[in-house]
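Next come the chains, spelled out residue by residue.
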Amino acid sequence: MSEFITLSLFASTLHLSVPVILPMLGGLLCERSGVVNIGLEGMMLSGAFGAVVFSYLTGNPWLGLGGAVLSGLISGGMLAIMSVLLRGDQVISSTAINLIGAGLTAALVPIIWGIDGTTPSVPKIPTLPLPLLPQLPVIGPLLGELSMIDVLAFALVFIVWWVLMRTDVGLRLRACGESAAAADAAGIAVTRVRIAAVILSGVLAALGGAYLSIVTLDLFQASMTQGRGFLALAAMVFGKWRVGPAFLVCLGFGLADAVALRAQIFTDELPHDLLFALPYLLALVALATFVGRASGPADVGKPFRRA
Amino acid sequence: MSLEPPLCPAAIRLTGIDKRFGAVHANRAIDLTVQSGSIHGLLGENGAGKSTLMKILFGMIHADAGMIEIDGAPVTFRSSAEALGAGIGMVQQHFSLIGAFSVTENLIMGRATGSLAMRMVRRLDLPRAARRAQELSDCFGFGIDPFARVSTLSVGARQKVEILKALWGGARTLVLDEPTAALSPPEAEELYALLDRLRAEGTTIVLISHKMPEIMRLCDRVTVLRDGAVVGEAELSGKDLARPAVRQLIEAHLVQMMIGRGNPELPQRAPKEGPLILDVRGLTDGVQFGPLDLKVHGSEIVAVVGVEGNGQSELVDLLMGLRKATDGLIAIDGHNVIDWSTQRRLDAGIAHIAEDRHATGVADGMSLIDNASIGFVDGKPFSTGPWFLSLRQRRLLTETLIERHQVRPPAADIPMASLSGGNQQKLVVGRELARAPRLLIAAQPTRGLDVGSTSAVHRALLDLRAGGSAILLPSLDLAEVFAIADRLVVLRKGQIVGRMTAAQFEIDQIGRWMSGSQGDPAPGPPCPDAPKQMDTAL
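Residues numbered from 1 in each chain as written. Chains lettered and ligands numbered in written order. Predicted model: local features only at pLDDT ≥ 70, side-chain atom pairs only at ≥ 80, totals over all residues. Heavy atoms only, no water.

### Section: the overall build of chain A
So the rule is basically this: Runs of E in the DSSP output that reach at least two residues are strands. Runs of H or I that reach at least four are helices, and both are numbered from the N terminus. We compute the radius of gyration from the C-alpha atoms alone; for a globule the expected value is 2.2 Å times N to the 0.38, where N is the number of residues. Exposure categories follow from relative accessible area, calculated using a 1.4 Å probe and restricted to protein chains: below 20% of the type maximum is buried, above 50% is exposed, and the middle band is partly exposed. Any two residues having at least one pair of non-hydrogen atoms within 4.5 Å are treated as being in contact. The Shrake-Rupley method, run with a 1.4 Å probe sphere, supplies the accessible areas, and residue values consider only the shown protein chains as cover. Lys and Arg are tallied as positive, Asp and Glu as negative. Neither His nor the chain termini are counted. Taken as the charge location is NZ of Lys, CZ of Arg, CG of Asp or CD of Glu.
When helices and strands are tallied, chain A shows 13 helices and 0 strands. When its helices and strands are written in sequence order, chain A yields α-α-α-α-α-α-α-α-α-α-α-α-α. Taking 19 Å as the expected radius of gyration for a compact globule of 307 residues, we find that chain A reaches 19 Å, a close match to that expectation. With respect to the principal axes defined by its C-alpha atoms, chain A has extents near 60 × 45 × 40 Å. Across the 307 residues of chain A, 51% fall into the buried class. In chain A, the proportion of contacts linking residues at least 24 apart, taken out of those at least 6 apart, comes to 78%. Surface summary for chain A: the accessible area is close to 13,400 Å², and the carbon and sulfur share equals 71%. Each charge class in chain A was averaged separately, 16 positive and 16 negative side chains, and the resulting centres sit 17 Å apart.

As structure tokens, this is what we get:
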């Protein structure tokens, strides 16, 4: 059992949690501004796809990352237009984003590459080892396997928390989510704040998708996000729309994923599919039991229109 | 009291303000001058155009014509932010506070200046803002804790936070829209003292109200609006209001201007004792309500008063079967109905005028015919068979109701939403009376109605009482309670903390019960001479 719980389990926990953390941050910003976003899954998929396409076309994986950002701007922009500007039902608008994300990416693969399902390999983001860190005692071996990209993702957790909870911009954003009318009366441009938050959530979710397609792997596969967008949503709810707790839940999902992967190596007796269902089961149990009646921002889901 | 020379420019001068919403002429060439450092009353019935006028002043609505001058300089506000910048603060009837935020966060939200990048990076200095809030609060005696979460504050305290918010933004002129609508009498008195203090410090205040006593208590000058036009003005400062004769004369004059005729008289009524109709014992929902005992006899109007949210809605829902009781007994004419469905209770002779007309009283998009017959379950008495609902019968009922209760416009086929609130309520009252109920639960039946509609509803209730029915009247309007109730009970935290008969009605004692300044809920009724002893105990 001792070789089961190893440093590499810790490292793979961190790696596996990043593609849940990024969309979680996006969803959290979006919902704290008052817009329900269950479209994270579709935004992730189109981000993963955009990254592979740009990396394939340019041969430069960093431009692939730019492609993910672009697809995030588009999917987030579409949701912003539907749910904020046109005041459509937010659940239905973001479901549309999910359907478009899954359908369009799966359809474009054969159109671009001429093969169904999985694309050929494209240039991936190189693993940039961190300077100094691996040499440090204790945390060196623990965190040494992380690349720059991972560190940036974790830094984003802190940045989002800081902006949301400690700055004027964050206060404005939270005000829009708690009471759009009160925010409006205080001179806050509710519509503008919400549009910005929705678009940002698209970009963050797309980056989460790109992490899967051109950081972890080097290809795009139809439905490759496997529900991580929904896991991110579950983490947000379980963390009661707070950055810190939701981040910890994401790590928990990452750990469950890592355990499933390792168990696959160590034993043949357990069916693999069941093991990979572990994070989802965990999410289900967590949502049904511990959270109780989770209460989100008071004005979430309500389109805002000036009287 | 001041003998200020008219040389000093008025804090606010509105000239020829005119505004139409479609066919409605909300403001007709209104002129209004508010002297600096005074409290100026804006008196008028609902729909007289007070709120529209003030929203124009505050930049929320744009006038079709007219001019606004602040301290002698003409201005045009395109948004409320610009009005705030010019030193005008407005406290709306519906608070714009965020419950999940602290008082300080509510004060500073949206106020920071600087570039977007700086505002995204720089830490908000909450402690410093809290200190300033504390100073401001101490200076005027608000008694507000800047760190308190707004959702934990009472309505009165939230009202003060709203005022604090306006002052925080540098407001020198405050507009208050019906500030005491949701306050208990002691809370209202506290607010009056605060406004007095603000005036003494030089703040100009415009008070929108239709409550005579508070206008008389506070205002230096009052402008009366009716049907969107100024119908008169009266100087109150310098008048000897302590003399009842003077006071009554001025009040009568103002009411006359406000409603365009004398104050409508209610028919005389003599106390009658009918049989016991509603008998509630030990009723509780197992959460926050009860246990509660209550009896209502025939030919009796029993008012349920209390600060909003102290169990009035729960009581009505429990009686109607809209909320499940965990224990207790509800007897109607001796039958225990506690396990009955709402439909069976309606059949047993309970009628219900819903507290929130828009949520549960009417269906806005449906016609008057549908709304007039909607509560008659099973289609009785309109159906001639199981599959057929007679439109003719329903129209007949609707037209009868429209005629009997003077619903305007008298058209049965138009949608409910095209009627004013008062006319909608007349139809609802008529519908419920048409059941010929043994017990009528009239929850705030005149909320938001003007004087004319209010007295029509009151007259209908008194007619029903004369017919021997029992009436339960949960109301926030003590004037209404004093006018028509035979008895009252005071609810606080889901329990009855005081009972009085009409002969004993005394507002100070009721206020103490409502605010709980007399200790915790006591189960039994107090002795009749309790009030005077309690005074010294305070």
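### Notes on the sheet that holds strand β2 (residues 24-34) of chain B
Residue and element names in this part refer to chain B. Basically, it comes down to this: Pairing between strands is defined by DSSP: at least two bridges between the two strands are required. Lines fitted to C-alpha atoms define the axes, with helix axes restricted to the stretch in contact, and inter-axis angles between N-to-C directions lie between 0 and 180 degrees.
Pairing is antiparallel in the open sheet, where 4 strands are placed in the order β2-β1-β4-β5. Each end of this open sheet is capped by a strand with a single partner; those strands are β2 and β5 (73-75). Pairwise comparison of adjacent strand axes, ignoring direction, gives a mean angle of 30 degrees for this sheet.

### Remarks on the sheet that holds strand β8 (residues 204-209) of chain B
Residues and elements named next belong to chain B. Spatially, 6 strands are ordered β6-β7-β8-β3-β9-β10 in an open sheet, and the strand pairing comes out mixed. Edge positions in the sheet fall to β6 (88-91) and β10 (229-235), since each of these pairs with one other strand and no more. The sheet shows a mean angle of 20 degrees between the axes of neighbouring strands, direction not considered. Two strands pair when backbone bridges link them, and strand β7 (residues 173-177) and β8 are joined in this way by 5 bridges, in the parallel orientation. Counted as the bridge partner of Thr173 is Thr204 from β8. Against the sheet, helix α7 (residues 185-200) touches β3 (39-43), β7 and β8, its axis set at about 150 degrees to β8.

### A short note on the nonpolar core
Spelled out, the test is: To qualify as a nonpolar core, a set must consist of buried Ala, Val, Leu, Ile, Met, Phe, Trp, Tyr and Cys residues joined through side-chain atoms within 4.5 Å. The domain limits used here are those given by an automatic or database domain assignment.
The biggest cluster of nonpolar side chains holds 130 residues, and the ones touching the most others in it are A:Met24, B:Ile163, B:Leu195, B:Leu198 and B:Leu254. For this core, the element with the highest residue contribution is helix α9 (residues 190-216) of chain A, accounting for 11 residues. Residue-level mapping places this core at the junction of two domains, with at least three residues from each of domain 1 (1-87 + 172-262) and domain 2 (97-170) of chain B. Excluding residues that lie within four positions of it along the chain, B:Ile163 makes contacts with B:Val91, B:Phe142, B:Leu174, B:Leu176, B:Leu191, B:Leu194, B:Leu195 and B:Leu198. Core analysis: the next-biggest nonpolar cluster, separate from the first, contains 45 residues, B:Phe376, B:Leu397, B:Val481 and B:Phe505 among them.

### Structural notes on the packing of helix α5 (residues 126-140) of chain B against helix α6 (residues 155-168) of chain B
Residues and elements named next belong to chain B. Basically, it comes down to this: Note that the term roughly parallel is reserved for angles under 35 degrees, roughly antiparallel for angles over 145, roughly perpendicular for angles of 65 to 115, and oblique for everything else. Under this grouping Gly is polar, as are all residues other than the nonpolar Ala, Val, Leu, Ile, Met, Phe, Trp, Tyr, Cys and Pro and the charged Asp, Glu, Lys and Arg.
At their nearest, the axes of α5 and α6 sit 11 Å apart, and the two run at 110 degrees to each other. Compared by their axis directions, α5 and α6 come out roughly perpendicular. The residues of α6 that touch α5, namely those facing Ala129, Arg132, Ala133, Leu136, Ser137 and Phe140, are Leu164, Leu167 and Trp168. Partitioning the contact of α5 with α6 into residue classes produces 7 nonpolar, 1 polar and 1 charged.

### A closer look at unusual backbone geometry
One non-glycine residue, A:Lys240, lies in the positive phi region at around 50 degrees. Secondary-structure assignment places A:Lys240 in the loop between α10 (228-238) and α11 (243-266). Phi angles above zero are rare outside glycine, and B:Ala29 is one such case at about 40 degrees. Secondary-structure assignment places B:Ala29 in strand β2.

### Things to note about the packing of α5(B) against α7(B)
Residues and elements named next belong to chain B. For the pair α5 and α7, interaxial distance at closest approach is 9 Å and the crossing angle is 95 degrees. When the axes of α5 and α7 are compared, the pair comes out roughly perpendicular. Here α5 contributes Asp138, Cys139 and Phe140 to the contact with α7, which in turn contributes Leu194, Arg197 and Leu198. For the contact of α5 with α7, the per-class residue count stands at 4 nonpolar, no polar and 2 charged.

### Considering the UniProt feature "transmembrane region" (unreviewed entry) in chain A
Defined as follows: UniProt positions are given in the numbering used here, feature names are shortened, and annotations may be inferred rather than shown by experiment.
UniProt's feature table lists "transmembrane region" (unreviewed entry) at residues 6-26, 38-57, 63-85, 97-115, 135-164, 195-214 and 277-296 of chain A, given in the numbering used throughout. Measuring from the first to the last C-alpha atom of residues 6-26 of chain A gives 31 Å, for a span that is 95% helix and 0% strand.

### Topic: the side chain of B:Arg487
The topology assignment puts B:Arg487 in strand β21 (residues 487-492). Contacts of B:Arg487, omitting those with residues within four sequence positions, involve B:Lys295, B:Val296, B:Glu300, B:Ile301, B:Val302, B:Ala303, B:Met500, B:Thr501, B:Ala502 and B:Phe505.

### Re the interface of chain A and chain B
The criterion, for reference: Accessible area that two parts lose when put together, with a 1.4 Å probe and added across both, is what the buried area reports. We count a salt bridge whenever a side-chain nitrogen from Lys or Arg sits within 4 Å of a carboxyl oxygen from Asp or Glu. Nitrogen and oxygen atoms within 3.5 Å of one another constitute a polar contact, given that in protein one can donate a hydrogen and the other can accept it, and given that sequence-neighbouring residues count only through two side-chain atoms.
At the junction of the two partners, chain A supplies 17 residues and chain B supplies 19 residues. In total, about 1,700 Å² of surface goes out of reach between chain A and chain B, with carbon and sulfur atoms giving 65% of it. Run the count over chain A and chain B and you get 2 salt bridges. When the shortest N-O distance is used, the salt bridge between B:Arg119 and A:Asp168 registers 3.0 Å. One can count 7 residue pairs in polar contact (both at pLDDT 80 or more) joining chain A with chain B. Of all the elements, helix α7 (residues 168-178) of chain A adds the most residues to the side of chain A that touches chain B, at 7 residues.

### So, the side chain of A:Arg228
Examined against the element boundaries, A:Arg228 turns out to sit in helix α10. Those residues in contact with A:Arg228, other than ones at most four positions away along the chain, are A:Pro19, A:Val20, A:Glu41, A:Met44, A:Leu212 and A:Asp257.

### A few points about the packing of aromatic side chains
We apply this condition: The aromatic pairing rule takes the rings of Phe, Tyr and Trp, using the six-membered ring of Trp, and pairs them if the centres are within 6.5 Å, calling planes under 30 degrees apart stacked, those over 60 edge-to-face and the rest tilted. Criterion for a charge above a ring: Arg CZ or Lys NZ at most 6 Å from the ring centre, at most 35 degrees from the ring normal.
Evaluated as defined, the whole model comprises 9 aromatic pairs over all chains. Centre to centre, the rings of B:Phe482 and B:Phe505 are 5.2 Å apart; their planes meet at 20 degrees, and the pair counts as stacked. Of the two residues, B:Phe482 sits in helix α17 (residues 478-484) while B:Phe505 sits in the loop between β22 (495-501) and α18 (507-515), which places them 23 residues apart along the sequence. With a relative accessible area of 32%, B:Phe482 lands in the partly exposed category. A connected cluster of aromatic rings, assembled from ring pairs, spans A:Phe49, A:Tyr56, A:Trp113 and A:Phe220. The ring of B:Trp340 has B:Arg344 sitting right over it, with the charged end atom 4.0 Å from the ring centre.

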